[in-house]
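# Chain and residue survey
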Amino acid sequence: MRRMFVAGNWKMNTDRAGGTELARAIAKAVPADAAVDVLVAPPLPYLLPIGEAIAGSGVALGAQNAYFEPPGAFTGETSIGMLKDVGCRYVILGHSERRQVLRETDETINKKVAAAVAAGLGVILCVGETLDERDGGTTEKVLETQLSAGLKSLAADAVSDLVIAYEPVWAIGTGRNATPEQAQAAHAFIRSWLSNRFGPTVGAATRIQYGGSVKPDNAAQLLGQPDVDGALVGGASLKADSFLAIVQAAQQVGAARR
Ligand code: PGA
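Presented here is an overview of the structure given in this document. Here the structure is a predicted model, which means the values were calculated and not measured.

Procedures and definitions
Residues numbered from 1 in each chain as written. Predicted model: local features only at pLDDT ≥ 70, side-chain atom pairs only at ≥ 80, totals over all residues. Heavy atoms only, no water. Salt bridge = Lys/Arg side-chain N within 4 Å of Asp/Glu carboxyl O. Helix = DSSP H or I, 4+ residues; strand = E, 2+ residues; numbered from the N terminus. Buried < 20%, exposed > 50% of the residue type's maximum accessible area, 1.4 Å probe, protein only. Phe/Tyr/Trp six-rings, centres within 6.5 Å; stacked < 30°, edge-to-face > 60°. Lys NZ or Arg CZ within 6 Å of the ring centre and 35° of its normal. Near = heavy atom within 4 Å. Polar contact = N/O pair within 3.5 Å; in protein donor to acceptor, adjacent residues only side chain to side chain. Nonpolar A, V, L, I, M, F, W, Y, C, P; charged D, E, K, R; others polar. Core = buried A, V, L, I, M, F, W, Y, C linked by side-chain atoms within 4.5 Å. Contact = heavy atoms within 4.5 Å. Pairing = 2+ DSSP bridges. Axes fitted to C-alpha atoms, helices over the stretch in contact; angles between N-to-C directions. Parallel < 35°, antiparallel > 145°, perpendicular 65-115°, else oblique. Left-handed = near helix turned anticlockwise from the far one by under 90°.

One pass over the full model with this rule turns up 11 salt bridges. With a shortest N-O distance of 2.8 Å, Lys11 and Glu97 are connected by a salt bridge. Remark: Glu97 occurs in helix α4 (residues 96–100) and Lys11 occurs in the loop between β1 (5–9) and α1 (16–29); sequence separation between them is 86 residues. By relative accessible area, Lys11 is classed as buried at 19%. Residues Asp106 and Arg99 are paired through a salt bridge, measuring 2.8 Å at the closest nitrogen-oxygen approach. Of the residues examined, Arg99 reaches a relative accessible area of 13% and is grouped as buried. Connected through salt bridges with shared partners, the residues Arg2, Arg191, Asp227, Asp229 and Arg257 form a single ionic network.

Printed below as a string of structure tokens:
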């Protein structure tokens, strides 16, 4: 059974005091034995204080990016080993903002995924189509390209800790979430692609989060779809109340599935 997994992507938001307070409030409500996996991914400079704020709780620490090279002359970059060193369990890779604003290619993303997997750092790999691509009927083709390029040359047993986040670009930060049916269709496609590429065991075990304007009032419906195993939450992860309401929805769906 796939455990529900709710992750908060804080993006370039919060400050040290506010982020720490937010993390504390979330950690207080998520005990170590919680029935869902919960992650917060704060901005890089706050990883250490946030890590301290969530210590002992059921909330894990994640980063929003990493570089694939080992330590060396790469000004401004952060190695995967450094993220592990400060307590990160996961790194979000291939987010659409990094693809579009920071011009990351599938090839770069693949190097990052491979390096994180090799180092034992969990990966949330984001994929998703733009509005033009959806309107043009190429959603599945885009997902297939991003998945096959992003996971290129990875062995089936190396993807066990991998999480895919389906994030339609048109739904991110827009308040316009995918309908539960649209999300389910894309998730089912991703799962069948994973089964074909890595085998049915990997396909059945891999968690696929939905991301894009997930809010307390749409979380239960989105998470209730059979191939939706959690959420990657942006805006609504910046307030403890709204993030915890989504965690609660995941908990209820997870309990109903068992
Ligand atoms: P949003 O962001 O929830 O603010 O739409 C989701 C994401 O970018 O991961």
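The full count for this structure, using the stated rule, is five aromatic pairs. Ring geometry for Tyr67 against Phe74: centres 5.3 Å apart, planes inclined by 50°, an arrangement best described as tilted. Given the relative accessible area of 32%, Phe74 is considered partly exposed. Taken together, the ring pairs in this structure connect Tyr67, Phe68 and Phe74 into an aromatic cluster. Its end group placed over the ring of Phe198, Arg197 keeps NZ or CZ at 4.4 Å from the ring centre.

Right, let's get into the site of the ligand. Around the ligand, a shell composed of 13 residues is seen, among which Lys11, His95, Glu167, Gly173 and Ser213 lie nearest. Taking Glu167, its side chain carries an N or O atom lying 2.6 Å from an oxygen atom of the ligand. Within the contact set of the ligand, an oxygen atom lies 2.7 Å away from a backbone nitrogen or oxygen of Ser213. Within the shell around the ligand, the residues separate by chemical class into four nonpolar, seven polar and two charged.

Take the nonpolar core next. By size, the foremost hydrophobic cluster in this structure holds 73 residues, and its most contacted members are Ile26, Val113, Leu151 and Ile164. For this core, the element with the most residues is helix α11 (residues 240–257), which contributes eight residues. If near-sequence neighbours (up to four positions away) are discounted, Ile26 is found in contact with Trp10, Val40, Val59, Ala240, Phe243 and Leu244. Within the second largest apolar cluster, 12 residues are counted, among which are Ala7, Ala41, Tyr90 and Leu232.

Moving on: the sheet that holds strand β8 (residues 230–233). Through backbone hydrogen bonds, the strands of a sheet pair up, either in parallel or in antiparallel fashion. What the eight strands build is a closed barrel, ordered β1-β2-β3-β4-β5-β6-β7-β8; its pairing is parallel. Strand-to-strand, the axes of this sheet are offset by a mean angle of 25°, without reference to chain direction. Across five bridges, the pairing between β1 and strand β2 (residues 37–41) is parallel. By the bridge assignment for β2, Ala7 is matched with Leu39.

Moving on, we come to the packing of α1 against helix α2 (residues 47–54). Two elements in contact, α1 and α2, have axes whose closest approach is 8 Å; the angle formed by their N-to-C orientations is 25°. Taken together, the axes of α1 and α2 lie roughly parallel to each other. Regarding α1 and α2, the two cross each other, and that crossing is right-handed. Together, Arg16, Gly19, Thr20, Ala23, Arg24 and Ala27 of α1 and Pro49, Ile50, Ala53 and Ile54 of α2 make up the contact between the two elements. Here the residues of the contact of α1 with α2 sort into six nonpolar, two polar and two charged.

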